[in-house]
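Residue strings, one per chain:
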Amino acid sequence: MTGEVWGHGVGRSTYFDNGFDSIINFAFQSSAASISNAESIYSSYNSSMHGSTRFNALSYISSHDTSLFDRTNLTNAGTFLLMLPGEVQIFYGDETARPLDPFGPHWNEKFRSNMNWCDGSLGSDLSPCVDKAVLAHWQKLGQFRNRHPAIGAGSHAKLADTPYTFKREYKGDAVVVAFASGQQSISVGSVFADGAEVVDAYTGSKATVSGGKVNLNAGGVVLLEKSTQQ
């Protein structure tokens, strides 16, 4: 059961002692403006939620009560949110770049515009179309998160600063994620042994671990998991 307590952040309050499994995290929306904050947020949330008494938080970047996240920055925000420790909530249209409704009669109705169902193949004068690049990005991240409980529930540890790389591990599930573009050498730490074949779920590229690293051409984010062919 998830509770909504206005202004609640990531912290264990008495609501968790009275039946709630998680509380909505109002603090992340403003933090998500810059993906350069990722390590400080990820490590802080990990330490808080995995302390002596575990608890959970439900984070978001857009809400009908607060605001829609910057529609020009939904790629980075999607990466930041969907790799976040704890639970995450996708507000409808963040994954398609649904625009504000400038004619909403009340202050928060502009955040509740019609879904941008147009797929771009036919065009529409009545509804803006899905941003296919944003949608594809969110789909890859969401599917990766869905396959790996370690992302939301696992322990977090930074592996490298350049490019920013971290690992998540939970009950035998382990992944390595890097925020990177172009040709990169990615540290995989103790997650994948030398000689292991891994696949970047974002681009589909495969690589073999050598010297604790893999070399590949990154597409903005690297989502490393064990190759299914092993």
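Note that the coordinates shown come from a computational prediction; the quantities given were computed from them, not determined experimentally.

### Here's the deal with the nonpolar core
Nonpolar side chains in soluble globular proteins generally cluster together in the buried interior. F28, Y42, I61, M83, V177, F179 and L223 are the most contacted members of the largest nonpolar core, which has 35 residues in total. Here I61 is in contact with F28, Q29, A32, S67, F69, L74, A77, L81, D94 and W138, once residues within four sequence places are set aside.

### So, helix α2 (residues 38–49)
Its twelve residues place the ends of α2 16 Å apart at the C-alpha level, agreeing with the 16 Å of an ideal helix rising 1.5 Å per residue. Burial in α2 covers these residues: A38, I41, Y42, Y45, N46 and M49. End-on, the buried residues of α2 take up no more than an arc of 125°, which puts them together on one face.

### Digging into the sheet that holds strand β1 (residues 2–3)
Paired through backbone hydrogen bonds, the strands of a sheet run either parallel or antiparallel to each other. Strand order in the open sheet formed by four strands is β1-β2-β3-β4, and the pairing between neighbours is parallel. Either end of the sheet is taken by a strand with one partner, and the two such strands are β1 and β4 (87–88). Pairing analysis gives two bridges linking β1 to strand β2 (residues 22–25), with the strands arranged parallel. Across the sheet, residue T2 finds its bridge partner in β2, namely S22.

### Quick notes on the pattern of salt bridges
Oppositely charged side chains can form a pair if their charged atoms are brought close together. Following the criterion strictly, the structure yields five salt bridges and no others. Between D94 and R71 there is a salt bridge whose closest N-O contact spans 2.9 Å. Residue D94 is found in the loop between β4 and α4 (132–147), and its partner R71 is found in the loop between β3 (56–59) and α3 (74–82); the two are separated by 23 residues along the sequence. The salt bridge involving R147 is made with E225; its shortest N-O contact spans 3.2 Å. Residue R147 is found in helix α4, and its partner E225 is found in strand β12 (residues 222–226); the two are separated by 78 residues along the sequence. Judged by relative accessible area, which is 43%, R147 ranks as partly exposed.

Reading guide: rules and limits
- Residues numbered from 1 in each chain as written.
- Predicted model: local features only at pLDDT ≥ 70, side-chain atom pairs only at ≥ 80, totals over all residues.
- Heavy atoms only, no water.
- Core = buried A, V, L, I, M, F, W, Y, C linked by side-chain atoms within 4.5 Å.
- Buried < 20%, exposed > 50% of the residue type's maximum accessible area, 1.4 Å probe, protein only.
- Contact = heavy atoms within 4.5 Å.
- Helix = DSSP H or I, 4+ residues; strand = E, 2+ residues; numbered from the N terminus.
- Expected span 1.5 Å × (residues − 1).
- Arc of directions from axis to C-beta.
- Pairing = 2+ DSSP bridges.
- Salt bridge = Lys/Arg side-chain N within 4 Å of Asp/Glu carboxyl O.

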